[in-house]
Amino acid sequence: MNIAIVTGASSGLGREFVRQIESVYKNIDEIWVIARRKERLEKLKMRSRVTIHVLDGDLTQENIYERLAYELRTKGARVRMLVNASGFGKYGLISSLETKDMLGMIDVNCKSLTKMTLVCLPYMSRGSRIIQVASAAAFTPQPKFTIYAATKAYVLRFSLGLREELKKKGIWVTTLCPGPVKTEFFQVAGPAQKLTKEEFMSEAEEVVRRGLIASIEKKPLCVFGPFMKAFYVASSIFPDTLTAKALQLFNN
C-alpha cells in the first residue's frame, strides 16, 4: 500500500497539501493525516477523493509515534511522500513570551519534525519524497521571531544535510521556505503588522503547488515569492549581524 503522510493536516499548509497531493500523485492509495484536532481531520476525510486515514494526536507526545510505527509495520505501508507541515511560531520579544511557548516551538518545529522523519524513513524507498516545511525566517536571525527563526534554521540545515545522505537511495528531500502565508499562523503567533501586509502575504494554495512542483523536480529548496527570493539572496551576501539589525529596524 502506497501512502502519503502529512503532519499539521488540520489547518494551513498541511491541510492544503492533503488537498493537492491527491491530484498530483496518482499512485497514492491513502493519505495518513496527523494533527491534534480530530474533528477537523474527519471533515477533511469526508471531502477527499482519496482514502484518508486519521491519526489524531499531539506530536510532542511519544504515543503518536508508537501508534504510527505500529500501523506502518502491520499494514505493510510504503511511504511515498512525507510532508512535515506541523509547526507554530510566537511573535514578540523573548522577555514578553511564555517559557512554555518558547520551548514548545523547539519541541514541535525541531524535535517532532526530526522524530517523524526518523520513524518514516525505514518505510521509504527509491522514488520516495520528503517535503520539510521551514520558512524564509530560516535564512537569518530575526529579532522578535528569535526562537521561531532559530527552529526553522534547524529545519533547513537538517533537511539539506539529510538530502545529501539519502540521494544514493533515490529518496529526495525538498525544503519549502515561504514567507508569510494567509493561514491561521498569525492568529497563534500574535501581531506582526508589517509582516502581514498584503504585499508580503502569499496564498496557501500557490505555496503548496510550488512546493509540490519543486519536490517532483527534486529541488533541494523552494523559496516562494519575489520578496522572499530577494531576502534569500540578501541573507547569503550580508552577514547575520547586519541582517539582524536591519530586521530589528523593520519590526519596530
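Relevant structure appears above.
Residues numbered from 1 in each chain as written. Predicted model: local features only at pLDDT ≥ 70, side-chain atom pairs only at ≥ 80, totals over all residues. Heavy atoms only, no water.

## Some thoughts on unusual backbone geometry
Note the following rule: Strands are runs of DSSP state E lasting at least two residues, helices are runs of H or I lasting at least four, and both sets are numbered from the N terminus onward. Exposure categories follow from relative accessible area, calculated using a 1.4 Å probe and restricted to protein chains: below 20% of the type maximum is buried, above 50% is exposed, and the middle band is partly exposed.
Within the chain, Lys144 stands out as a residue other than glycine whose phi angle is a positive 75°. Considering the arrangement of structural elements, one finds Lys144 in the loop between β5 (129-133) and α5 (146-166). Under the relative-accessibility criterion, Lys144 is labelled buried at 19%. Its identity as a non-glycine residue notwithstanding, Lys218 has a phi of 60°, on the positive side. Structurally, Lys218 can be placed in the loop between α7 (204-216) and β7 (221-223). Lys218 sits in the partly exposed class, given a relative accessible area of 37%.

## A look at the nonpolar core
Definition in use: Within this scheme, the nonpolar core is defined by two criteria: the residues are buried Ala, Val, Leu, Ile, Met, Phe, Trp, Tyr or Cys, and they are joined through side-chain atoms within 4.5 Å. By definition, residues are in contact when any of their heavy atoms lie within 4.5 Å.
Residues Ile5, Leu68, Leu72 and Ile130 are the most contacted members of the largest nonpolar core, which totals 35 residues. Contributing elements (two or more residues each) for this core: β1 (2-7), β2 (30-35), α3 (62-74), β4 (78-84), α4 (99-120), α5, β6 (172-177) and β7. Sort the elements by how many residues they give to this core and α5 lands first, with five residues. When sequence neighbours within four positions are dropped, the list of residues in contact with Leu72 reads Ile3, Ile5, Trp32, Ala77, Val79, Val119 and Tyr123. Core analysis: the second largest hydrophobic core is formed by 31 residues, Ile28, Ala35, Met81 and Cys222 among them.

## Some remarks on the pairing of β1
The condition is simple: By definition, two strands form a pair when at least two bridges between them are found by DSSP. By the criterion used throughout, a crossover qualifies as right-handed when its path from the first strand across the helix to the second strand runs clockwise, the strands pointing away from the viewer.
Most of β1 is tucked away, with six of its six residues classed as buried. Neither face of β1 is left uncovered, since the one carrying Asn2, Ala4 and Val6 and the one carrying Ile3, Ile5 and Thr7 both have all their residues buried. Judged from the six bridges that link them, β1 and β4 form a sheet pairing that is parallel. Note on β4: the bridge partner recorded for Ile3 is Val79. In terms of strand pairing, β1 meets β2 through five bridges, oriented parallel. By the bridge assignment for β2, Ala4 is matched with Ile31. What joins β1 to β2 is helix α1 (residues 12-24), and the crossover it makes is right-handed.

## Looking at α3
Definition in use: A helix's residues, less one, multiplied by 1.5 Å, set its expected span. This arc is built from the directions going out from the helix axis to the C-beta atoms.
For α3, which comprises 13 residues, the first-to-last C-alpha distance of 19 Å matches the rise-based estimate of 18 Å (1.5 Å per residue) to within 8%. Residues of α3 that are buried: Ile64, Tyr65, Leu68, Glu71 and Leu72. The arc that holds the buried residues of α3, viewed along the axis, is 130°, so those residues lie on one side. Away from its buried face by more than 90 degrees, α3 exposes Asn63, Glu66 and Arg73.

## Considerations on the state of the cysteines
Note: disulfide means a covalent bond formed between the sulfur atoms of two cysteine side chains. Note the threshold: Any pair of cysteine sulfurs within 2.5 Å is marked as a disulfide.
Taken as a whole and assessed by the stated rule, the structure comprises zero disulfides. No disulfide involves Cys222; its sulfur sits 8.3 Å from the nearest other cysteine sulfur, which is in Cys177.

Shape descriptors only; they carry no functional weight alone.
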